[in-house]
Amino acid sequence: ARVATLHSWNWVEAQRESQAALALGPQNSFALYAAADLDSILGDFDRSEKRFSASLVSDPLNPEAHFMLAVVLQAQGRAQAAEAEARRCLTIAPTYAYGHYALADTLLLQGHDGEESLDECKLETAEGGQLNCLAIVYARLGRPDDADAALNQSIQTRAGSAAFGIARVFAYRGQHERAFE
C-alpha cells in the first residue's frame, strides 16, 4: 500500500493493499499508519484520525504518526489538538523534519503573535522547510524584507526539492499565480 500511495499514486491499488494489510493485522501499527495516510490523501480525515490514533496505541513513540496526526487535525480545523500532536512529535524526535514548521503553523492558526512561531522556524531543519517557514512567519510579523529574503533563498537553494513549500509561501502571501509557476 505504501508503494502505491507514495510512488505510483494508484489509489485503487493502494486501497486494495491497505484493506488486505488491515485484514491480516487489524491492530498492526504500520498497517494502521499506512491506511491512515491513504485516508488523509483521499480526504477522509475522520477515518484517518481514528487510524493514526489507533496506530499510536501500539507504537506511542512513533514521531511520524504524531506528526501526521497533527497534519490531519489541522486539516480538520482543530489547531489546539494539532499543536499537542506536533509537540509530542518533537518531544520524541526534536529534529523531526517539518515538525517545527508544523508547530509554527498551528500557532499562527491559533492567532499567536508570531514570535513563538518564529522561534520554531529557527529550530526547523533545512530539509524540513526552514526557509519557507521563515518566509511565512516574517510575512505574518509584517517584516516583508525578511520574508522576501527567506523566500528568495529558498527558491535559489531548494526549488528542485521544495517546490510545493515554495508554492505554499506564495499562496500564503496571496500571490496565487506565482504559486503555480
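Q: Please explain helix α9 (residues 130–140) as it appears in this structure.
A: Along an α-helix, residues three or four positions apart point the same way, because every turn accommodates 3.6 residues. For α9, the tally of buried residues reaches eight of eleven residues, placing the bulk of the element in the interior. Every buried residue belonging to α9 is among Leu131, Asn132, Cys133, Leu134, Ala135, Ile136, Val137 and Tyr138, and all of these are buried. Buried residues belonging to α9 abut α7 (99–109), α8 (115–123), α10 (144–158) and α11 (163–172).

Q: Would you take a moment to explain the packing of aromatic side chains for this structure?
A: Any pair of aromatic rings gets described here by the distance separating the centres and the angle formed by the planes. If you walk through the whole model with that rule in mind, you get three aromatic pairs. A ring pair is formed by Phe30 and Tyr33, whose centres lie 6.5 Å apart and whose planes are at 25°; its orientation type is stacked. In this pair, Phe30 and Tyr33 both sit in helix α3 (residues 29–41), three residues apart, roughly one turn of the helix. Here a set of aromatic residues connected by ring pairs shows up, and it is made of Phe30, Tyr33 and Phe52.

Q: Looking at this structure, how should I read the packing of helix α2 (residues 11–24) against α3?
A: Think of two packed helices as two axes; the pair is described by the angle between the axes and how far apart they sit. Across the interface, α2 lies against α3 with an axial gap of 9 Å and an inter-helix angle of 150°. One element, α2, and the other, α3, form an angle in the roughly antiparallel class. Considering only the axes of α2 and α3, their crossing is left-handed. Only Ala31, Leu32, Ala35, Leu38 and Ile41 of α3 make contact with α2, whose side of the interface consists of Trp11, Ala14, Gln15, Ser18, Ala21 and Leu22.

Q: Mind showing me how you'd approach the state of the cysteines here?
A: Throughout this description, disulfide means a covalent bond between two cysteine sulfur atoms. Tallying each qualifying case throughout the model produces one disulfide. The partner cysteine of Cys121 in its disulfide is Cys133, sulfur to sulfur 2.0 Å. With the S-S dihedral at roughly -70°, the linkage between Cys121 and Cys133 falls on the left-handed side. Remark: Cys133 occurs in helix α9 and Cys121 occurs in helix α8; sequence separation between them is twelve residues. Each of the two residues, Cys121 as well as Cys133, counts as buried.

Q: Where do I start with the side chain of Asp105 in this structure?
A: Following the sequence through the fold, Asp105 ends up in helix α7. Among residues more than four places away in sequence, those in contact with Asp105 are Gln74 and Arg168.

Basis of the calculations
- Residues numbered from 1 in each chain as written.
- Predicted model: local features only at pLDDT ≥ 70, side-chain atom pairs only at ≥ 80, totals over all residues.
- Heavy atoms only, no water.
- Buried < 20%, exposed > 50% of the residue type's maximum accessible area, 1.4 Å probe, protein only.
- Helix = DSSP H or I, 4+ residues; strand = E, 2+ residues; numbered from the N terminus.
- Contact = heavy atoms within 4.5 Å.
- Phe/Tyr/Trp six-rings, centres within 6.5 Å; stacked < 30°, edge-to-face > 60°.
- Axes fitted to C-alpha atoms, helices over the stretch in contact; angles between N-to-C directions.
- Parallel < 35°, antiparallel > 145°, perpendicular 65-115°, else oblique.
- Left-handed = near helix turned anticlockwise from the far one by under 90°.
- Disulfide = S-S within 2.5 Å.

This is a description of form; function is not addressed.
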